[in-house]
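One letter stands for each residue in the lines below.
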Amino acid sequence: MNRVFAGLGGLFGAAGIAAYAAAAHSTDGHMTTIAPILFIHSPAFLALSVLSRINRAACFGGLVLLLGLLFFIGDLVSRDYAGDRLFAFAAPLGGTLLILGWLVVAATAFRALDYRK
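As the structure is a prediction and not an experimental result, all values here were calculated from the model.

## Points about the side chain of Asp75
So, point 1. You can see Asp75 is positioned in helix H3 (residues 56-81).
So, point 2. You can call Asp75 buried: its relative accessible area is 0%.
So, point 3. Here the side chain of Asp75 touches Leu86 through a polar contact of 2.9 Å, landing on its backbone nitrogen.
So, point 4. Setting aside its immediate chain neighbours within four residues, Asp75 contacts Leu70, Arg85, Leu86, Phe87, Ala90 and Ala91.

Rendered as structure tokens:
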């Protein structure tokens, strides 16, 4: 899983820069929202690629973050380019999953959640 998270970190970084570029050329749409979200999660996934090697809870948190990003960002991109939502409540579901994922990642600081012992 650590290589997957490292690859996702790189992809999210590249997508964040591309979204910033798109936002600079258009004031319409959600790219100004999408860009920082992707760019912020890029180093998080790079860190999770290391942390998930020693803590499975970090791996689970990363998967929850990934789902949250796919739903949240996917919904905003779908609104911009397809003119419609990804599906009803995709963005709120994605946002909720992002919050939950970050809480799981924060909880990895507690040794009791390390179930590789």
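## A closer look at helix H1 (residues 2-25)
Every α-helical turn comprises 3.6 residues, leaving residues that sit three or four positions apart pointing alike.
So, point 1. The end-to-end C-alpha distance of H1, which contains 24 residues, comes to 35 Å, matching closely the 34 Å that a straight helix rising 1.5 Å per residue would cover.
So, point 2. Residues Phe5, Leu8, Gly9, Phe12, Gly13, Gly16, Ala19 and Ala23 constitute the buried set of H1.
So, point 3. Elements in contact with the buried residues of H1: helix H2 (31-51) and H3.

## Focus: the nonpolar core
So, point 1. Core analysis: the biggest nonpolar cluster contains 23 residues, and Phe12, Ile34, Phe45, Leu48, Leu69, Phe72 and Ile73 have the highest contact counts within it.
So, point 2. Of all the secondary structure elements, the ones that give two or more residues to this core are H1, H2, H3 and helix H4 (90-107).
So, point 3. For this core, the element with the most residues is H3, which contributes eight residues.
So, point 4. Aside from chain neighbours lying at most four places away, what touches Ile34 is Ala19, Ile73, Leu76 and Val77.

Rules and cut-offs
- Residues numbered from 1 in each chain as written.
- Predicted model: local features only at pLDDT ≥ 70, side-chain atom pairs only at ≥ 80, totals over all residues.
- Heavy atoms only, no water.
- Helix = DSSP H or I, 4+ residues; strand = E, 2+ residues; numbered from the N terminus.
- Buried < 20%, exposed > 50% of the residue type's maximum accessible area, 1.4 Å probe, protein only.
- Polar contact = N/O pair within 3.5 Å; in protein donor to acceptor, adjacent residues only side chain to side chain.
- Contact = heavy atoms within 4.5 Å.
- Expected span 1.5 Å × (residues − 1).
- Core = buried A, V, L, I, M, F, W, Y, C linked by side-chain atoms within 4.5 Å.

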